[in-house]
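# A closer look at the structure
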Amino acid sequence: MPEVIFNGPAGRIEGRYQPAKKRGAPLAIILHPHPQFGGTMNNQIVYNLFYTFVNRGFSALRFNFRGVGRSQGHFDHGAGELSDAAAALDWMQALNPEAKSCWIAGVSFGAWIGMQLLMRRPEIEGFLSIAAMANRYDFSFLAPCPSSGLFVHGSEDRVAPVKEVMAVIEKVKTQKGIQIEHAVVEGANHFFDGRVEQLMEQVGVYLDQKVGPEILKSEQEQV
């Protein structure tokens, strides 16, 4: 998994990128939790999401928002971070001009950024929104939501309670053919402490239906 540096609006952006073996493979970008509360691209959930997509044949990228790790710039309360995410997608598309589609996955603060990017980029065909802080950030821009996707929350999330995101989902208007699903990991808090495995099981079930099983793991098991 090569370390990469690419240009962003506030200077260089540090990331980890794994290209797919097949040309034209779909893209996946994973966005980390809040930079001011310890969120980085090495977050355990971000790391697991990254490999979930890699193992399904995607070209995947996780990166540090501005001001985190070796990424230049300073925290910008979401506006700059959205620009960082757009730059990351531009960079991936330049490397993979034959890719027809993209998925976006975000954790907490990253989920809010990811959903905003989704509204701006029609090539994003699916999303994973983990522990979205619907009580702290405005998600009313999702009207209508242009892509199908999955919201996942912990039943014991005190930072962003389940009822808050359920209210958002109920209000969101969707286009014809678009489905928004929701899953709850019992006993999990906002950070899914001790419940990351259960979280990834929920994500895996959803992705199995939408994009297929983990082909790389299957190949490894056959060797």
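Below you will find a few notes about this structure. As the structure is a computational prediction, the values presented were derived from the model and not from experiment.

## Quick word on the packing of helix 2 (residues 79-95) against helix 3 (residues 109-120)
For any two helices packed against each other, one specifies the crossing angle of their axes together with the interaxial distance. One can describe the packing of helix 2 onto helix 3 by two numbers: an axis separation of 9 Å at closest approach and a directional angle of 60°. For the element pair helix 2 / helix 3, the angle class is oblique. Considering only the axes of helix 2 and helix 3, their crossing is right-handed. Residues Glu81, Leu82, Ala85, Ala86 and Leu89 of helix 2 lie in contact with helix 3, whose contacting residues are Phe109, Ile113, Gln116, Leu117 and Arg120.

## Things to note about the sheet that holds strand 1 (residues 3-8)
Ordered in space as 1-2-4-3-5-6-7-8, the eight strands form an open sheet in which the pairing is mixed. Taken across any chain shown, the strands that pair with only one partner, and hence form the sheet edges, are strand 1 and strand 8 (180-185). Averaged over all adjacent pairs, the angle separating strand axes in this sheet is 20°, with direction ignored. Pairing between strand 5 (residues 102-107) and strand 6 (residues 124-130): six bridges, direction parallel. By the bridge assignment for strand 6, tryptophan 103 is matched with glycine 126. Running at roughly 170° to strand 8, helix 4 (residues 162-171) makes contact with strand 7 (148-154) and strand 8 of the sheet.

Here is what the cut-offs are and how they apply
- Residues numbered from 1 in each chain as written.
- Predicted model: local features only at pLDDT ≥ 70, side-chain atom pairs only at ≥ 80, totals over all residues.
- Heavy atoms only, no water.
- Axes fitted to C-alpha atoms, helices over the stretch in contact; angles between N-to-C directions.
- Helix = DSSP H or I, 4+ residues; strand = E, 2+ residues; numbered from the N terminus.
- Parallel < 35°, antiparallel > 145°, perpendicular 65-115°, else oblique.
- Left-handed = near helix turned anticlockwise from the far one by under 90°.
- Contact = heavy atoms within 4.5 Å.
- Pairing = 2+ DSSP bridges.

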